[in-house]
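If you want the building blocks of each chain, they are given just below.
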Amino acid sequence: EEVKKDMPFYENSNGGVTLSGGEPTMQPEFCIAVLAECKKANMHTALDTSGFVKTEILTEILKYVDLVLYDIKHTDPEKHKKYTGVSNELILYNLQHINNMEIPIEIRLPTIPNINDSDENFSEVAKLVNNLNSIERVRLLPYHRLGEGKYERLEMEYKLKGLESPNKVRMEELVEILKSKLTRDIPVSAS
C-alpha cells in the first residue's frame, strides 16, 4: 500500500520500484512479497544487487524483476576477495544466470582509484559485457567517502581512509577506455 501511493510518479516518469540496500537479497521473502505485489499492480521492478546470493534464491526473486542493476567490483577473483572479503565466482556465475534468463541488466562499476580502475580490469569488464546479450548499459560510479563517518561512529576500521574520489576527467577517460573495448553499442556513462 505504501508503494502504491507513488503510482502517479511511476506512471509520469516511466519509473518503478527498485529494491536496493545494503543487499536486498539477504531478505528474500520480503523481496519476493514486495516485488510480487508490485507486478500485480503493473509496476516496473528493479533489483540492485551485488549478486552474492545463492542462485536458487536469486532465481525466485528474479521471477518478479524487470531490470537488474548489477555491481561488478572487480573481475580478478583474488583482488575481489582482498577488497570485499569474498570471491567473485558466485557473482560472475549469477551474472551469467541472469543473462540466460534474458532479464535486462545494467552493470554498475564502483570505480575506486588504484583498486579497480586499471586498464586490465576494464578490459576484463569489457569481455564480460561483450559476452552477455542482456546487458543494456554500463554505469561507472565514482568512489566517494560518505561511508567513512559511519565507520568512525561504529568504531570500525575504514580500510580506504583518505582515498580521494576520482575526478570528472578521470571518470570520462575510463568511460572512453571501456567504450573502446566494447564490440557492440552499449551506453557507458559515469554518474
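Residues numbered from 1 in each chain as written. Predicted model: local features only at pLDDT ≥ 70, side-chain atom pairs only at ≥ 80, totals over all residues. Heavy atoms only, no water.

A. The arrangement of the packing of helix 6 (residues 119-130) against helix 8 (residues 168-181) in detail. Look at helix 6 against helix 8: their axes get within 9 Å of each other, and the N-to-C directions meet at 45°. In terms of axis orientation, helix 6 runs oblique to helix 8. Both helix 6 and helix 8 take part in a crossing whose hand is right-handed. In this structure, helix 6 contributes Asp119, Phe122, Ser123, Val125, Ala126 and Asn130 to the contact, and helix 8 contributes Leu174, Ile177, Leu178 and Lys181. (Axes fitted to C-alpha atoms, helices over the stretch in contact; angles between N-to-C directions. Helix = DSSP H or I, 4+ residues; strand = E, 2+ residues; numbered from the N terminus. Parallel < 35°, antiparallel > 145°, perpendicular 65-115°, else oblique. Left-handed = near helix turned anticlockwise from the far one by under 90°. Contact = heavy atoms within 4.5 Å.)

B. Representation of the pattern of salt bridges in the model. Summed over all chains, the structure comprises 17 salt bridges. A salt bridge links Asp66 to Lys39; the shortest N-O distance between them is 2.6 Å. A residue pair is termed long-range when its members are at least 10 positions apart, and Asp66 in the loop between helix 3 (55-62) and strand 3 (67-71) and Lys39 in helix 2 (residues 28-40) qualify at 27 residues. On the basis of relative accessibility, which here comes to 24%, the residue Asp66 falls in the partly exposed class. Under the relative-accessibility criterion, Lys39 is labelled partly exposed at 28%. The residue Glu148 makes a salt bridge to Lys161 at a minimum N-O spacing of 3.9 Å. Highlighted residues: Glu148 in helix 7 (residues 148-153) and Lys161 in the loop between helix 7 and helix 8, separated in sequence by 13 residues. Among the residues examined, Lys161 registers a relative accessible area of 56% and is labelled exposed. (Salt bridge = Lys/Arg side-chain N within 4 Å of Asp/Glu carboxyl O. Buried < 20%, exposed > 50% of the residue type's maximum accessible area, 1.4 Å probe, protein only.)

C. Structural context of the nonpolar core. With 40 residues, the main nonpolar core has Tyr70, Ile107, Val138 and Leu140 as its most contacted residues. The contacts of Leu140, once residues within four sequence positions are left out, are Leu109, Thr111, Phe122, Met171, Leu174, Val175, Leu178, Val188, Ser189, Ala190 and Ser191. Judged by nonpolar contacts, the second largest core, of 5 residues, contains Ile112, Tyr143, Tyr158 and Leu163. (Core = buried A, V, L, I, M, F, W, Y, C linked by side-chain atoms within 4.5 Å.)

D. Main features of the packing of aromatic side chains. Considering all chains together, one arrives at 2 aromatic pairs under this definition. Pairing Tyr151 with Tyr158 gives two aromatic rings, centres 5.0 Å apart and planes at 70°, and the pair type is edge-to-face. On the basis of relative accessibility, which here comes to 33%, the residue Tyr151 falls in the partly exposed class. (Phe/Tyr/Trp six-rings, centres within 6.5 Å; stacked < 30°, edge-to-face > 60°.)

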